[in-house]
Amino acid sequence: MIHTVKPGETLYQISRDYRTLLASIIRANPGINPNVIYSGQSIVIPGFPPVQTISYRIDVSINNRQLRLYKDGVLQKQYPIAVGRILSNTPVGNFIIINKAPNPGGPFGTMWMSLSKEHYGIHGTNNPSSIGKAVSAGCIRMYNKDVEELAATIPIGTPVSIHP
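Residues numbered from 1 in each chain as written. Predicted model: local features only at pLDDT ≥ 70, side-chain atom pairs only at ≥ 80, totals over all residues. Heavy atoms only, no water.

**Student:** Which parts of the structure should I look at to understand the environment of Ile32?
**Tutor:** You can see Ile32 is positioned in the loop between α2 (22-28) and β2 (42-44). Remark: the alpha-carbon pair of Ile32 and Asn126, spanning 94 residues in sequence, is separated by 44 Å. Those residues within four positions of Ile32 in sequence are excluded, and the remaining contacts are Leu11, Ile26, Ile37, Gln41 and Ile43. (Helix = DSSP H or I, 4+ residues; strand = E, 2+ residues; numbered from the N terminus. Contact = heavy atoms within 4.5 Å.)

In structure tokens:
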């Protein structure tokens, strides 16, 4: 998988976002100077499939509070979601699903799927009345049955686009 460096990112933070050892990223990118990376630079992230090989993609509209699942460009399903509140906005950008954890406990419901942005994910909820609202700490909340269905459908590496 290829990550395009965004303004202000460091290689260390990229390694944390993908939960990949910094040394592994350096090995996968011969000739890279870990202290000098630049916006727009392509970085190979080992351990993830190339995005173009995955037929699914997720589109999240923060304003509409909707998550749409596409397969080969065709809308498969649309789900209602909860998003971040005013001081804890849901991050905007392009990410991938990097792991799945069933039954994470607490407020995360019955499924957690990490995004390639440290501390953020798509997860279930122990408070279903929050769906449709801007109430989370920045994550994307779904009904438990919906997030379980989504997690069973998509592979690790599925691209996720989040926009207003």
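Text resumes after the structure shown.
**Student:** Would you take a moment to explain the pairing of strand β8 (residues 111-115) for this structure?
**Tutor:** In the case of a regular strand, side chains alternate between the two sheet surfaces. Among the 5 residues in β8, 5 count as buried, and that is most of the element. Side chains of β8 alternate between two faces, with Met111, Met113 and Leu115 and Trp112 and Ser114 buried alike. Here strand β7 (residues 93-102) runs beside β8; their pairing, made up of 5 bridges, is antiparallel. Its bridge partner being in β8, Asn99 is matched across the sheet by Ser114. Bridge count between β8 and strand β9 (residues 121-123): 3 bridges; the pairing is antiparallel. If you follow Met113 over to β9, its bridge partner there is Ile122. Counted along the chain from β8 to the antiparallel partner β9, the turn is 5 residues long, and its residue His119 has a positive phi close to 80°. (Buried < 20%, exposed > 50% of the residue type's maximum accessible area, 1.4 Å probe, protein only. Pairing = 2+ DSSP bridges.)

**Student:** How should I be thinking about the pattern of salt bridges in this particular structure?
**Tutor:** One side chain can pair with another of opposite charge once the charged atoms of both are near each other. Applying the stated criterion across every chain, the model contains 4 salt bridges. Of the charged contacts in the structure, one is a salt bridge between Glu149 and Lys77, with a shortest N-O distance of 3.1 Å. Of this pair, Glu149 sits in helix α3 (residues 144-153) while Lys77 sits in strand β5 (residues 74-80), and the two are 72 residues apart along the sequence. Assessed through its relative accessible area of 36%, Lys77 is described here as partly exposed. (Salt bridge = Lys/Arg side-chain N within 4 Å of Asp/Glu carboxyl O.)

**Student:** Any chance you could explain α3 here in plain terms?
**Tutor:** For the α-helix, the turn length of 3.6 residues means that residues three or four positions removed from each other point alike. Among all positions in α3, only Asp146, Val147, Leu150 and Ala151 are buried. Down the axis of α3, the sector holding all buried residues measures 130°, keeping them to one side. The exposed set on the far side of α3, more than 90 degrees from its buried face, consists of Lys145 and Ala152. Where the residues of α3 are buried, they touch β3 (56-61), β4 (66-71), β5, β7, β8 and β9. (Arc of directions from axis to C-beta.)

**Student:** Is there a simple way to explain the side chain of Ser114 in this structure?
**Tutor:** Relative to the elements of secondary structure, Ser114 occurs in strand β8. Relative accessible area serves as the criterion here: at 5%, Ser114 is assigned to the buried category. For Ser114, the side chain forms a polar contact with the side chain of Asn99, separated by 2.8 Å. Sequence-distant contacts of Ser114, defined by excluding residues within four places in its chain, comprise Arg19, Ile96, Ile97, Ile98, Asn99, Tyr120 and Gly121. (Polar contact = N/O pair within 3.5 Å; in protein donor to acceptor, adjacent residues only side chain to side chain.)

Purely geometric stuff here, so don't read any function into it on its own.
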